[in-house]
Amino acid sequence: MGEWWTTVPIGTSMGNYDISSISHVTMSPLRQNNLVSMYSSLPLSKSSYNVISAFCTEDNIPQCISYMNQELASLGLSSTCIEASSPGGAGLSTVPALNAMYELLQIHRRNMGTLEELEKEQLKKSSSMEHMQMNNSRLKDQLELSIREKSGLHETERQLQLKIKTLQSCLKTEKEEVQKLQSIISSRASQYSHDAKRKERETAKLKERLGQLLVDRKDKKLAIDVLNCLGRSDGKRSHWKTAKATASHEGEMYKSLLSDYEASQRALMLENAELKKVLQQMKKEMMHILSPRQLSTRGATADDSQDQADSDGEEKAGNSSRETLDQSCEHAREQLTNSIRQQWRKLRNHMEKLDSQASQVQNQLESNKEVIPRETHEDEMERMRHEVQQCKEFIHAQQQLLQQQLNTSFDDETAALLNDCYTLEEKERLKEEWRLFEEQKRNFERERKNFTEAAIRLGREKKAFQEDRASWLKNQFLNMTPFTDRRRCSSSDGQSALSIRSEPEMRISSTNAQLAKSSTYATFSTPKPTQSAAVPSTTELYRTLRLIPDGSSSRHSNRGCWQESSTIEDADTRFKSRSRVRCGDLSIFSLDKKPYTHRECRALILWP
Amino acid sequence: MNFSEVFKQSNQLCKVSPDGKYLATCVQYRLVVRDVSTLQILQLYTCLDQISHMDWASDSLFILCAMYKRGLVQVWSLEQPDWHCKIDEGSIGLLSSRWSPDGRHVLNTTEFHLRITVWSLCTKAVSYIKYPKACQKGIDFSRDGCYMALAERRDCKDYVSVFVCDDWHLLRHFETETQDLAGLEWSPNGCVLAVWDSCLEYKVLLYSLDGRLLSTYSAYEWSLGIKSVTWCPSSQFLAIGSYDEKVRILNHITWKKVTQFEHPATINNTKAVVYKEVERRPAVGSDDLSLHNITIGTTLFNTQSKYEICPLPVQLPVVKPDPDRANPKIGVSTLAFSSDSRYLATKNDNMASVVWVWDMQKMSLEAVLEQTSAVRCFQWDPQRPRLALCTGNTKLYLWSPAGCVSVQVPTEGGFQVQSLNWHCSGDSLILLGKEQLCLCYMDTDQEDK
């Protein structure tokens, strides 16, 4: 297509040369125009117009028209003919010109379309060509590679063949070597044996010579010296060497040989008999095995019946052979072996038959298995489903029954039982609590008693103190007056001293008891002071406590009490002077109780 | 198990009389005969020189003492201590001396195997047998004492002569098909003579008493062949040990191979029991090494040993022989059947510390005894299936189907057992050291249990 397209304008232009006498100059732009139009159509119209304007002038209009007409005719547009509007005039008749133009445009457009198509085609072709080329090159590469490979393989093959050849030659040489060596060995061996023989002969000759010499020398030393000759070990006298003796020796020898052979024969006979027995037994057992089958399948086939006949015959033979077992003659042996052989053959046949039957049965089974499934399988499935359903129901019923049973039993019996259990437990717990409570109560009681005692004592002391004060006041009063001196001394000694002395002893015993208890009833004993505070007034208590001081106890805990006294100090400066003595007892409490008891103590101290 | 006190002995010459009553020992040039049961000296004979060989006559009445260096043989009578006999082989020299089975003839082999001189003690007669062959075992008497087979070499060919021992009548004389005959042995029933070739060729020939060739057997060619041959006491089997470390058993009917026993370095046979001797040195503290202890005896320095059953597979110690040396230490050199023909004990030379016991009924390996040192000697109890062996140390080893035991010989002065001999009753063992001997009494009651 491309070629055709390119040649056509040239052809027309060539025709132009022949037909028209248009100058070369005018032709060239047309050509140019044609060439340009191959690339772009839009600028073509402009340029062509410019060129065309140069193509037609005022002067050559008729020529132009005729030229155009000719051209149009050559293009096959002979129907439309451009005519001058007026002969010789400059104007053109418009319709044909426009028609011609339109036709030309149409042609041009068509050409452009085909051009485009062709371009596309061209592109496609070129790309496919490129692809082809690439393919081609690749294939070429491959070819080259395979050729190279082939040559390599050829090379290796050649080398291998070479190697084979060398190996073959090696083998040949080795074989030759082996042969050579073998021949060498054999020659050496023969040489050696020859030499050995020669040497041996020589030594034999030497020995002979030596013996001869020894005999010739009449060696005196060679002698036997026996005190008196001994008798033969068997007690017989020696015999002369006679022909008879040699004959007897021969006889003896043969006798011993014979006895040996007899012994061995006997052994063999025994062995043989054993083996025969085994054979007989085997035969019997075989027959035993075979007979029931034959009975069952008697007359089933001709072959079987023939077998049966054979076996009958053999049975007879077997019996006869059993009878002749002891004879062990050739005939009997033959019979026996023959019968055994036949039996064996039959047994084998039987076994084969059984095998084939078994395989058939198996096949049948297998085939049955393959055929049957549809119905039986479904039936079976149905049955099984049914069974499963039944089982489920059964289980359900059982479950229900079980639950019922459980419910009923739980209501009256188990509930009571459980309740009993619970109440028992509760009771136990309550008992325990009650016990604790009782204990607590007792403690409280005891403490209360202590405090009441203390209170009573305080009361008594108070009374004593009052009395003391009264007496002191009385003394004071009397001191002011003359002649009271002697009476005062006697009274102070009498009552107050006595009361003071009795108090500390009681106190110590009580505190000791408390100390012993404090470790066990720490929790109970802590609230004791607050509770007990209500019973006697604290001031009174402390006044009594002030009386506790005892030499031994205070000294024991002197160290510990200093620290505590310091904490007390800032809080209670009023008691500072006396605290050193008192805190001995406090520290005894604090050492065993928890630290907050100090605060308690402080509170107690602060109370007044 | 009890042990007697130690007696002196020289050249390991110590033999119990065939009737089992007397024990003859040689001490230098003296011959001492003791009662076996009491070990009291019954007779004392003095020979002319140091005794190099001693042997009892078959009737236990005479003892032969050979002094090879002097070419002398002296014969002593137990019944008549005054009786004496001296045989002088003269300048021709003496190589070996033995009794004839009747105990009235002495057969002396002269030096260079020039001839065999037969001296009769009954008639003082002397007869010569020429051309005896110098080989491994060139002479053998049948067990009943009737016949003597002798290997001969004449004109570079091997011959066998069968003599009637009664009057030295040559019964048969035939050429054997051997290259270089190495030995011959009568079957225990005395009817078959096994003849084998030297180690260069594996060949066993079996001849009937009348000289007919019964069969020929050859296992392989070219490599070194037979090393040892032994008949089974029942004459049923012939065991052939060879340089290829195998034992081949021939049967007595077809004379074909029944089986072969290999001696592999690794034992995988699960039916066999492998006993391994394990030595345990007693720990001796430094304070024990006082002079006092050293003087007490060498037993302190003796190692204790016991057998352990090894789990399979077991790797046995193997010594590779030097291929350039003649008579390489490889192959089965010793074969011994138990008295009841039930077991076969073998020793492979390149596994010198191992004894193999084979069951001849099952034709399989029964037990393997791996010792700590090379086995010197082993012998079957003549009455029971019981194997005694020694390895040149102070211990005696016993194997029986029930198990294996190692016993320390409780003698002072380091008694090293070099060799051993069973008493014919099987109740006692004679242990031979280098210069001493000692009797070991088996506990018969224990055996019964």
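Please refer to the structure placed before this passage.
The following refers to the structure shown. All values derive from a computational prediction rather than experimental measurement.

## Focus: the pattern of salt bridges
Here's step 1: Summed over the entire model, instances satisfying the criterion amount to 33 salt bridges over all chains.
Here's step 2: With a shortest N-O distance of 3.0 Å, Arg154 of chain B and Glu152 of chain B are connected by a salt bridge.
Here's step 3: According to the relative accessible area criterion, Arg154 of chain B is partly exposed, its value standing at 29%.
Here's step 4: Residue Glu152 of chain B is classed as buried on the basis of its relative accessible area of 2%.
Here's step 5: Among the ionic pairs, Asp244 of chain B bridges to Arg248 of chain B, the shortest N-O distance being 2.9 Å.
Here's step 6: Looking at Arg248 of chain B, the relative accessible area reads 6%, which means it is buried.
Here's step 7: A single salt-bridge network, built from bridges that share partners, covers Glu200 of chain A together with Lys133, Arg153, Asp158 and Asp180 of chain B.

## Let's talk about the nonpolar core
Residues and elements named next belong to chain B.
Here's step 1: Core analysis: the biggest nonpolar cluster contains 23 residues, and Val247, Ile249, Leu316, Leu344, Trp356 and Val368 have the highest contact counts within it.
Here's step 2: Every element with two or more residues in this core is listed here: strand E23 (237-242), strand E24 (246-251), strand E30 (332-337), strand E32 (354-359) and strand E33 (364-370).
Here's step 3: Sequence-distant contacts of Leu316, defined by excluding residues within four places in its chain, comprise Pro264, Ala265, Ile267, Met351, Val354, Trp356, Val368 and Glu370.

## Regarding the pairing of strand E12 (residues 115-120) of chain B
Residues and elements named next belong to chain B.
Here's step 1: With six of six residues buried, E12 lies mostly within the body of the structure.
Here's step 2: Alternating positions in E12 separate into two faces, Arg115, Thr117 and Trp119 on one and Ile116, Val118 and Ser120 on the other, with burial throughout.
Here's step 3: Across five bridges, the pairing between strand E11 (residues 105-110) and E12 is antiparallel. Paired with His105 across the two strands is Ser120, which belongs to E12.
Here's step 4: Across five bridges, the pairing between E12 and strand E13 (residues 126-130) is antiparallel. Paired with Trp119 across the two strands is Val126, which belongs to E13.
Here's step 5: Taking the residues between adjacent antiparallel strands as the criterion, E12 and E13 are bridged by five residues, where Lys124 takes a positive phi near 65°.

## A word on the sheet that holds strand E39 (residues 428-432) of chain B
Each strand in a sheet pairs with its neighbour through backbone hydrogen bonds, running either in the same direction (parallel) or in the opposite one (antiparallel).
Residues and elements named next belong to chain B.
Here's step 1: Strand order in the open sheet made by the four strands is E1-E40-E39-E38, with antiparallel pairing throughout. Every other strand in the sheet has two partners, leaving strand E1 (2-8) and strand E38 (419-422) as the edge strands with one partner each. Each neighbouring strand pair of the sheet contributes to a mean axis angle of 20°, computed without reference to strand direction.
Here's step 2: Relative to E39, E38 runs antiparallel, the two sharing four bridges. Looking at the pairing, Ser419 lines up with Leu432 of E39.

## Observations regarding the interface of chain A and chain B
Here's step 1: Counting from both sides, the interface comprises 36 residues of chain A and, opposite them, 45 residues of chain B.
Here's step 2: Applying the counting rule to chain A against chain B returns three salt bridges.
Here's step 3: Between Glu200 of chain A and Arg153 of chain B there is a salt bridge, with its nearest N and O atoms 2.3 Å apart.
Here's step 4: Linking chain A to chain B there are seven residue pairs in polar contact (both at pLDDT 80 or more).
Here's step 5: Among the secondary structure elements, those contributing two or more residues to the side of chain A that touches chain B are helix H5 (94-217), strand E1 (223-226) and helix H6 (243-296) of chain A.
Here's step 6: With eleven residues, H6 of chain A is the largest single contributor of residues to the side of chain A that touches chain B.
Here's step 7: Residue composition of the side of chain A that touches chain B, by class: 14 nonpolar, eight polar and 14 charged.

Calculation criteria
- Every chain's residues receive numbers from 1 upward, in the order its sequence appears when written.
- Think of it this way: whatever chain is written first is A, whatever ligand is written first is 1, and the rest follow in order.
- At least 70 in pLDDT is required for a residue's local features to be given in this predicted model, at least 80 for side-chain atom pairs to be given and counted, and no such filter applies to totals for whole chains, interfaces and linings, which use all residues.
- With hydrogens and water set aside, each side-chain value is computed from the structure's full complement of heavy atoms.
- Here, a salt bridge means any side-chain nitrogen of Lys or Arg that lies within 4 Å of a carboxyl oxygen of Asp or Glu.
- Here's how the labels work: a residue is buried when its accessible area is under 20% of the maximum for its type, exposed when over 50%, partly exposed in between, all with a 1.4 Å probe on protein chains only.
- Throughout this description, the term nonpolar core refers to a set of buried Ala, Val, Leu, Ile, Met, Phe, Trp, Tyr and Cys residues connected via side-chain atoms within 4.5 Å.
- The helix and strand labels rest on DSSP assignments: H or I over at least four residues marks a helix, E over at least two residues marks a strand, and numbering proceeds from the N terminus.
- Only heavy atoms matter for contacts: two residues are in contact if any of them lie within 4.5 Å across the pair.
- Two strands are counted as paired when DSSP detects at least two bridges linking them.
- Angles shown run from 0 to 180 degrees and are taken between the N-to-C directions of axes, each axis being a line fitted to C-alpha atoms and, for helices, limited to the stretch in contact.
- Two N or O atoms form a polar contact when they lie within 3.5 Å of each other; inside protein one atom must be a possible hydrogen donor and the other a possible acceptor, and for residues adjacent in sequence the pair counts only when both atoms belong to side chains.
- The residue classification treats Ala, Val, Leu, Ile, Met, Phe, Trp, Tyr, Cys and Pro as nonpolar and Asp, Glu, Lys and Arg as charged. All others, Gly included, are polar.

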